[in-house]
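So the chains spell out like this:
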Amino acid sequence: MLRASLVLVASSALGAFACTGTINSLSDVAAAVKCTTVNLNSFTVPAGQALTLDLATGTTVNMNGDISFGNKSWAGPLFTVSGSSIMFNGNGHKFDGGGPFYWDGKGGNGGVVKPAPMMKIKISGTYKNVKVVNAPARVYSVSNPAALLMTDLVIDNSQGDKANSKSGGKAAGHNTDGFDVSTTNLIIQNSVIRNQDDCLAINKGSNIVFRGNTCYGGHGISVGSISEGVSVSNVVISGNTIIDNDNALRIKTKAAATGSSVSNITFTGNTATGIKKYGVIIDQSYPSTLGTPGKGVKVSGVNFVTTANKISVNSGAKRVAVNCGSGACTGTWNWSQLKVSGGSGGK
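Within each chain, residue numbers correspond to sequence positions counted from 1 in written order. Given that this is a predicted model, residues contribute local features only at a pLDDT of at least 70 and side-chain atom pairs are listed and counted only at 80 or more, while totals for whole chains, interfaces and linings are drawn from all residues. Side-chain numbers come from the whole structure's heavy atoms, not from hydrogens or water.

(A) Expanded view of the pairing of strand β7 (residues 79–89). Any residue under 20% of the maximum accessible area for its type is buried, any over 50% is exposed, and the rest in between are partly exposed; the area is computed with a 1.4 Å probe on protein chains only. Helix numbering and strand numbering both begin at the N terminus, where a helix is a DSSP run of H or I of at least 4 residues and a strand a DSSP run of E of at least 2. With respect to burial, β7 is a largely interior element, eight of its 11 residues being buried. The pairing criterion for strands is at least two bridges between them, as found by DSSP. Of the strand pairs in this sheet, strand β5 (residues 60–63) and β7 are connected by three bridges, and their pairing is parallel. Note that in β7 the partner of Val61 across the bridge is Phe88.

(B) Structural view of the pattern of salt bridges. Salt bridges are defined as contacts in which a side-chain nitrogen from Lys or Arg sits within 4 Å of a carboxyl oxygen from Asp or Glu. Summed over all chains, the structure comprises five salt bridges. Across the pair Asp104 and Lys114 runs a salt bridge whose closest N-O atoms are separated by 3.2 Å. Of the two residues, Asp104 is situated in the loop between α2 (99–102) and β9 (119–128) and Lys114 in the loop between α2 and β9; the sequence distance between them amounts to 10 residues. What makes Asp104 buried here is its relative accessible area of 7%. Shared partners join several salt bridges into a network, and the residues in it are Asp198, Arg250 and Lys252.

(C) Just the environment of Gln49, in detail. One can find Gln49 in the loop between β3 (43–45) and β4 (51–54). Given the relative accessible area of 38%, Gln49 is considered partly exposed. Residues Gln49 and Phe79, 30 residues apart in the sequence, show an inter-C-alpha distance of 9.3 Å. Any two residues whose heavy atoms approach within 4.5 Å are treated as being in contact. Once residues within four sequence positions are removed from consideration, Gln49 is found in contact with Leu26 and Trp74.

(D) Quick look at the state of the cysteines. Any two cysteine sulfur atoms lying within 2.5 Å of each other are counted as a disulfide. What the rule picks out here adds up to three disulfides. With its sulfur 2.0 Å from that of its partner, Cys19 forms a disulfide with Cys35. Linking Cys19 and Cys35, the disulfide has an S-S dihedral of approximately -100° and is accordingly described as left-handed. A residue pair is termed long-range when its members are at least 10 positions apart, and Cys19 in strand β1 (residues 17–23) and Cys35 in strand β2 (residues 35–40) qualify at 16 residues. Considered together, Cys19 and Cys35 belong to a single accessibility category, that of buried residues. Two residues share a disulfide in this structure: Cys324 and Cys329, whose sulfurs sit 1.9 Å from each other. Negative torsions about the S-S bond denote left-handed disulfides, and the value of about -80° found for Cys324 with Cys329 makes this one left-handed. Cysteine pairing for the protein chain, with bonded cysteines counted in sequence order: 1-2, 3-4, 5-6.

Now the structure itself:
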């Protein structure tokens, strides 16, 4: 039976065809990705296998149904998409990672091996209208080869907020970062994230915009953690809503890191409520919190400007904490548009 429907129209010198390929199972993928239109129908990826789409330049992908994954303890990822000038439209359909099978309250820190990241995005172009539910651990890893817009996405790991028989009374979901970013020229916008870790974690890169998103229940929006020999620059965090997170806005650098830098980080027009630990925290002692800071990561140009960032922290939380190593935080920082209320003063 022919599963991959190929409607051949024309060919190019690069070997891609102006045809439509339809994917109903993994066996259809090799033929379908030769086409510049790919329709992704509903099916279950067998346990221990991945759905990998290595697309021709200029391909349009349409999700026409939901994708689920069989359960098996392995490293993953479950889904990878790569290519240049891609239009990936989820049409509101979902990828279901089967999180309850894996969740044990330990995430990547022990317990059962979990596919992480669940979703690996290596395209330029546009990725939109996709829903991801029940990720085993980290959700998106983004390393686009050229400019990428990610818009109107949903990450819903809220089922992991509850304890289960393996999590020792803690939330069963753990280390469920929404977006782990190591890239340049990326915009993530108008998306909703419900998870148990960072809503956004920028590990390295430049020209990154995170705007108009809503983050529920996790650890907040983070630059970092920053490791050895990397740089983060020209980041804009704007117009986001952060609800019931541990932290609102955070920069975290590893105490042992050297040869790294963080510069030109702009926060504007963000709103946070129900913050449990820190409204704003800049900490160079990671993985400790407000421990002995390192001085091998230079941090400069951290600004709260243009439109007020309004943050409300809970009664037991700290409003602001800054913990920099000697000579490591430099230059002039403009915090004129930071308004934090509730809680108590920090460090």
